[in-house]
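A closer look at the structure
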Amino acid sequence: MSALQEIVDTQPIEATPKKYMALGNYASIVVVILLCAAPLIAKNFVIFQMTMVLIYAIAVLALNILTGGSGQFSLGQSAFYALGAYTSAILMEVGGVNYALTLPVAGGLCFIAGYLFGLPALRLSGIYLALATFALATAMPQLLKLHYFEAWTGGVQGLVITKPDAPFGLPLSQDMWLYYFVLAVSMVIYVASVNLLKSRSGRAMMAIRDNEIAASAMGVDVARYKTLAFGVSAGITGVAGGLGAIAVQFVAPDSYTIQLAIALFLGMVVGGVGWLPGSIVGAAFIVFVPNIAEHFSKGLSGAVFGLILILIIFVLPHGSRQVAYTVQGWVHKLRK
């Protein structure tokens, strides 16, 4: 078994102990209330950072569906993120389309691209699939720089996007409105993703993840569900890319390099592979921890970040899910 395969925790996503489910529901309500109230007391830059956390959480969740849900590894999510970002940017700035309407288009286009990429990738698995997606992530920035697409993409200069104002005359700043818009989109995607993994298709994907041969013997169409998982993951990542472009107000090829793909994979591992609520924890890690590391030492920020990551991997090998279950266990014992 490869090192990458060992990262995947084979515990079913819906196998949360029943005694913890009520506590988890209460915790979810508290988190949603805090997320809604946070912009009211935060400054604009902090609101922007929180918006990026939500956007990256969507992208990490998408990767979690692919890896934690179907057991397929991808280091190419930055390519679909870039495709979604450029789709929204081009539609807004060149086509004059409303920013909200660009997101379904970005998601649909990335779904098709992910599904088509998943077809030839059916012959690959484990580290070989990871290398194929790694090649896709490496090639995407160079493809965006081609002069054939420069009229739409802006070439190496990229495109500048106008940040939308709050509609209906709402007394909200641009950053606050965009935060609440992203929060609403992320909640819809999260609920839809949970329902997907609890559906028949989700159970089929998890059966493939646990044992592909056994799933095939039970009548699961392995090729269909593996490509479906790739398409869904790419589509959600495309929506995240579109939101990211609107929030940052700029797209350029060098913004979507392999470092972004690795960061998203890292966020999935820190949040907990196969545990969707951990996506926001992993996203917060890749947004805030580099800044914390730079605060300690600007010259050695990479070393500090690496040390923090090593400590987390050793102390919490299952990511934030391990912390959540431990805390829930303590609370359950105190309530007895």
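Above: the structure in question.
Our subject in this report is the structure included herewith. Fair warning: this is a prediction, and the values are worked out from it, not measured in the lab.

1. Considering the pattern of salt bridges
A side chain with one charge may pair with a side chain of the opposite charge, provided their charged atoms come close. By the definition in use, this model includes 4 salt bridges. Salt-bridge contacts for Lys163 lead to Asp175; the nearest nitrogen and oxygen are separated by 2.7 Å. A residue pair is termed long-range when its members are at least 10 positions apart, and Lys163 in the loop between β1 (159–160) and α8 (174–198) and Asp175 in helix α8 qualify at 12 residues. Measuring nitrogen to oxygen at the nearest pair gives 3.5 Å for the salt bridge that ties Lys226 to Glu212. Linking Lys226 in helix α11 (residues 222–248) with Glu212 in helix α10 (residues 212–217), this pair joins segments that are 14 residues apart in sequence. For Lys226, a relative accessible area of 6% translates into the label buried. The exposure class of Glu212 is partly exposed, given its relative accessible area of 38%.

2. Section: the environment of Asn98
When you line up the elements, Asn98 lands in the loop between α4 (77–93) and α5 (99–118). Separated by 76 residues in the primary sequence, Asn98 and Gln174 place their C-alpha atoms 15 Å from one another.

3. Focus on the side chain of Ser279
Position of Ser279 relative to the elements: it lies in helix α13 (residues 278–296). What makes Ser279 buried here is its relative accessible area of 3%. Ser279 has contacts with Ala57, Val60, Leu61 and Asn64, leaving out every residue within four places of it along the chain.

4. Brief notes about the packing of helix α12 (residues 258–271) against α13
Think of two packed helices as two axes; the pair is described by the angle between the axes and how far apart they sit. Here α12 crosses α13 at 130°, and the two axes come no closer than 7 Å. With respect to each other, α12 and α13 are oriented oblique. Crossing geometry of α12 relative to α13 is assigned as right-handed. Contacts from Ala263, Leu264, Leu266, Gly267, Val270 and Gly271 of α12 reach α13 at Gly278, Gly282, Phe285 and Ile286. Broken down by class, the residue content of the contact of α12 with α13 amounts to 6 nonpolar, 4 polar and no charged.

5. Re unusual backbone geometry
If you check the backbone angles, Gln249 has positive phi at about 70° while not being a glycine. With respect to the secondary-structure elements, Gln249 resides in the loop between α11 and β2 (250–251). Looking at Gln249, the relative accessible area reads 29%, which means it is partly exposed.

6. Some points on the environment of Phe149
Tracing the backbone through its elements, the reader meets Phe149 in the loop between α6 (126–144) and α7 (150–153). Excluding its chain neighbours within four sequence positions, the residues that come into contact with Phe149 are Leu143 and Gly154.

7. Looking at the packing of aromatic side chains
How two aromatic rings sit relative to each other is given by the distance of their centres and the angle of their planes. Using the criterion set out here, one finds 9 aromatic pairs in the structure. Seen in terms of ring centroids, Tyr81 and Tyr256 are 5.9 Å apart; in terms of plane orientation they differ by 45°. Their pairing is tilted. A residue pair is termed long-range when its members are at least 10 positions apart, and Tyr81 in helix α4 and Tyr256 in the loop between β2 and α12 qualify at 175 residues. By relative accessible area, which is 3% here, Tyr81 ends up buried. Ring geometry for Phe285 and Phe305: centres 5.7 Å apart, planes at 45°, overall tilted.

8. Some details on the packing of α8 against α11
Viewed as axis vectors pointing N to C, α8 and α11 meet at an angle of 175°, and their least axial separation amounts to 11 Å. On the basis of their axis angle, the class for α8 and α11 is roughly antiparallel. Across from Leu178, Phe181, Val182, Val185, Ile189, Ser193 and Leu196 in α8, the residues of α11 making contact are Val232, Ile236, Val239, Leu243, Ile246 and Ala247. Classifying every residue of the contact of α8 with α11 gives 12 nonpolar, 1 polar and no charged.

9. A few points about the side chain of Lys163
Judged by its relative accessible area of 10%, Lys163 falls in the buried class. Engagement of the side chain of Lys163 in a polar contact is seen with the side chain of Asp175, the distance being 2.7 Å. If we ignore the near neighbours within four places in the chain, the residues touching Lys163 are Gln174, Asp175, Leu178, Ile246, Ala247 and Gln249.

The rules behind these values
- Residues numbered from 1 in each chain as written.
- Predicted model: local features only at pLDDT ≥ 70, side-chain atom pairs only at ≥ 80, totals over all residues.
- Heavy atoms only, no water.
- Salt bridge = Lys/Arg side-chain N within 4 Å of Asp/Glu carboxyl O.
- Helix = DSSP H or I, 4+ residues; strand = E, 2+ residues; numbered from the N terminus.
- Buried < 20%, exposed > 50% of the residue type's maximum accessible area, 1.4 Å probe, protein only.
- Contact = heavy atoms within 4.5 Å.
- Axes fitted to C-alpha atoms, helices over the stretch in contact; angles between N-to-C directions.
- Parallel < 35°, antiparallel > 145°, perpendicular 65-115°, else oblique.
- Left-handed = near helix turned anticlockwise from the far one by under 90°.
- Nonpolar A, V, L, I, M, F, W, Y, C, P; charged D, E, K, R; others polar.
- Phe/Tyr/Trp six-rings, centres within 6.5 Å; stacked < 30°, edge-to-face > 60°.
- Polar contact = N/O pair within 3.5 Å; in protein donor to acceptor, adjacent residues only side chain to side chain.

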